[in-house]
Every structure is written in structure tokens, then in C-alpha cells.
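# Descriptive structure summary
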Amino acid sequence: MQIDFTKLSGAGNDFIVIDNRNLSLQLSAEQIRTLCARRTGIGADGLILIEKSDQFDFRMQYYNADGLPGSMCGNGGRCAVYFAHSIGVPSTDNGVYVFEANDNRYDASVTDLEMVTLHMLDPHDFRDSIAVEGFSCHFVDTGSPHTVIFSPEGELDRLNVYDEGRAVRHRKDIFPGGTNVNFLEIIAPDSISIRTFERGVEDETLACGTGAVASAVMSYRLGRISSPTVSVKVRSGDTLVVSFDENLKSVTLTGPAKIIYRGTLTLLEPDSEP
């Protein structure tokens, strides 16, 4: 089967995005893993299907690079909206796209060339000062579960995020569903820098949208920063902007969403030989 796809980057998070509004495509976990593989496939942090929705402009079906359905992906949501905009999917609310993901409603707007603002769910399930693997961790759910660990000034670049993040991520005695792990450094009263080990990718990624939200919200909640509009520098060097009100609600995530290339792939059956 020949399938058209688009590769997009959301501040360094990269995704394979496919228009599946006719619902003709059904992918196995093995096929998704194959497509997302860095050296032998297209290579991506995840795969997104844009599908028809009965209520909204479209539905986003998100799969992690491990081939399994994922929880909400903030940068993936922004890329899904930019992709929908690029192929002419109509928005029903004056340029505001309303879409569904994991049975939740999200609103987003293309605010400039290759820039998208996404309205997030309200953060919940806050937990503070959890001792894990030698770290003092803080937890919040921003549509995906996130652990936040504050790093001393100047230490963030020297951290072994893969090993340290993986150890925390797999502490299911403390985080039964697993967790994404964010290491962050305060740069200024309105600015932080983060590095994220992502669940489902099982590695450090160049950006994480829900992780940026978790880190910004937690930093404000704990008094580490004083501004409810936070610039978040991610590993790619790009900056995401997270805004919220004083009650940690009305959260938005703004940043770049770029089309890297378009292509056509030949989808093999799981047991087929190349």
C-alpha cells in the first residue's frame, strides 16, 4: 500500500503525520515502530493520524515511537493543527481549530507562519517532594504524566538524562503508569531550560510540549519563577512559551511547528519480506 505522509517538527519533537480522514488506514504497533525507527525507517518521536470527527474539525490519533497509543502530546497537537491547516482542513471557528484527542477537546490557532498556539487541559494531580532515585521529584499531569526535577545552576547540560531519566521513569511503585521525566534549570524569573526523557520514546527528546507545560506550571507553583508567562528553552535550542493564569488554569502552549518534508511510503504487511 502506498501512503502519503508528512514529517513535521514541533520545536524539535518530530512526527510522521498522515491524513486518514477516510479511515482507510489501520496500522499495527509493529508497523508504527518500523516507521518511527531512526536508522531503518522514516524516524520520529511519534506518529499522528488525522481522522474525521463527528463533533469537531478532526480527531488526532497519537502513537508513541514504541508503536503504542500515547497520552496527550502537546507538540504533536500543535503539529497536527499545522498539518490540518496546510492541507486545507476547514476550521469551524474563525481560524480556531477544535479537535479531539484521547476523548478531550482542544482548541488551537495558527498564529503566524509555522507558529501554533494550543490550549491545554488544566494541570491536575500535583504531588510534591517525592524521593526517587536520589532526586526530590514533583509530579503533575498535564494531559500526560510528568515528573519535574530541579537542577542546580550550571548542572543541566552535564546531566546523564538518559540513565537518570530512565531510572525514574520506570519506578512504577511510585508512578504506576510510568512517567515522563523533566530536568530543569531556572534561567530568569520568566525563563527556564529543560531536558526531557519521554515515556514511549524511551529516550531524551529534543522537546516535549506537555513537559514544558509541567515544568513551567510547577516552577511558578513552587515560587521558583514569578511570571505566569514562561519562556521554555528546549534541547533543540527552540523556545516554547507557556502561559496560564494565577490559578494555574487557562494554559496555552505556543511554539514552532514546521513541515520538514513530504513523501510516500510503501507499507508492508507485518510478516511481509521487503
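What counts as what
Residues numbered from 1 in each chain as written. Predicted model: local features only at pLDDT ≥ 70, side-chain atom pairs only at ≥ 80, totals over all residues. Heavy atoms only, no water. Helix = DSSP H or I, 4+ residues; strand = E, 2+ residues; numbered from the N terminus. Rg over C-alpha atoms; globule rule 2.2 N^0.38 Å. Buried < 20%, exposed > 50% of the residue type's maximum accessible area, 1.4 Å probe, protein only. Contact = heavy atoms within 4.5 Å. Areas by Shrake-Rupley, 256 points an atom, 1.4 Å probe, with all protein chains shown as cover. Lys, Arg positive; Asp, Glu negative; His and termini not counted. Charge placed at Lys NZ, Arg CZ, Asp CG, Glu CD. Polar contact = N/O pair within 3.5 Å; in protein donor to acceptor, adjacent residues only side chain to side chain. Core = buried A, V, L, I, M, F, W, Y, C linked by side-chain atoms within 4.5 Å. Pairing = 2+ DSSP bridges.

### A closer look at the overall build of the chain
Scanning the chain for helices and strands turns up four helices and 17 strands. Relative to the compact-globule value of 19 Å for 274 residues, the chain shows a C-alpha radius of gyration of 18 Å, a close match. Expressed along its principal axes, the backbone C-alpha trace of the chain runs to roughly 50 × 45 × 30 Å. Out of the 274 residues belonging to the chain, those deemed buried represent 53%. Long-range contacts, defined as pairs at least 24 residues apart, comprise 61% of the intrachain contacts of the chain with a sequence gap of at least 6. About 12100 Å² of surface is accessible on the chain, with carbon and sulfur atoms providing 44% of the total. With 24 positive and 38 negative side-chain charges, the chain shows a spacing of 2 Å between the two charge centroids.

### Some points on the environment of T205
In this structure, T205 sits in strand β13 (residues 203-205). Residue T205 is classed as buried on the basis of its relative accessible area, which comes to 3%. Distance in space between the C-alpha atoms of T205 and R235 is 7.5 Å, their sequence separation being 30 residues. If we ignore the near neighbours within four places in the chain, the residues touching T205 are N13, D45, T196, E198 and R235. Within polar-contact distance, the side chain of T205 engages the side chain of E198 at 2.8 Å.

### Describing the nonpolar core
Membership of the largest hydrophobic core comes to 51 residues, with the highest contact counts inside it found for F58, M60, F99, V232, V242 and F244. One finds L25, A44, Y63 and L265 within the second-largest nonpolar core, a separate group that totals 17 residues.

### Here we look at the pairing of strand β14 (residues 229-233)
Only one face of β14 is covered, namely the face carrying V230 and V232; the face carrying T229, S231 and K233 is uncovered. Judged from the three bridges that link them, strand β12 (residues 191-198) and β14 form a sheet pairing that is parallel. Bridge pairing in β14 places I192 opposite V232. Examined bridge by bridge, β14 and strand β15 (residues 239-243) share five bridges and lie antiparallel to one another. Within β15, the position partnered with S231 by the bridge is V241.

### Re the environment of V181
Relative to the helices and strands, V181 resides in strand β11 (residues 180-188). As for V181 and D112, which are separated by 69 residues in sequence, their C-alpha atoms are 31 Å apart. In this structure V181 touches T147, I149, G165, V168, R169, R195, T196 and F197, once residues within four positions along its chain are discounted.

### Observations concerning the side chain of N75
Looking at the element boundaries, N75 is found in helix α2 (residues 74-86). There is a polar contact of 3.0 Å between the side chain of N75 and the side chain of N13.

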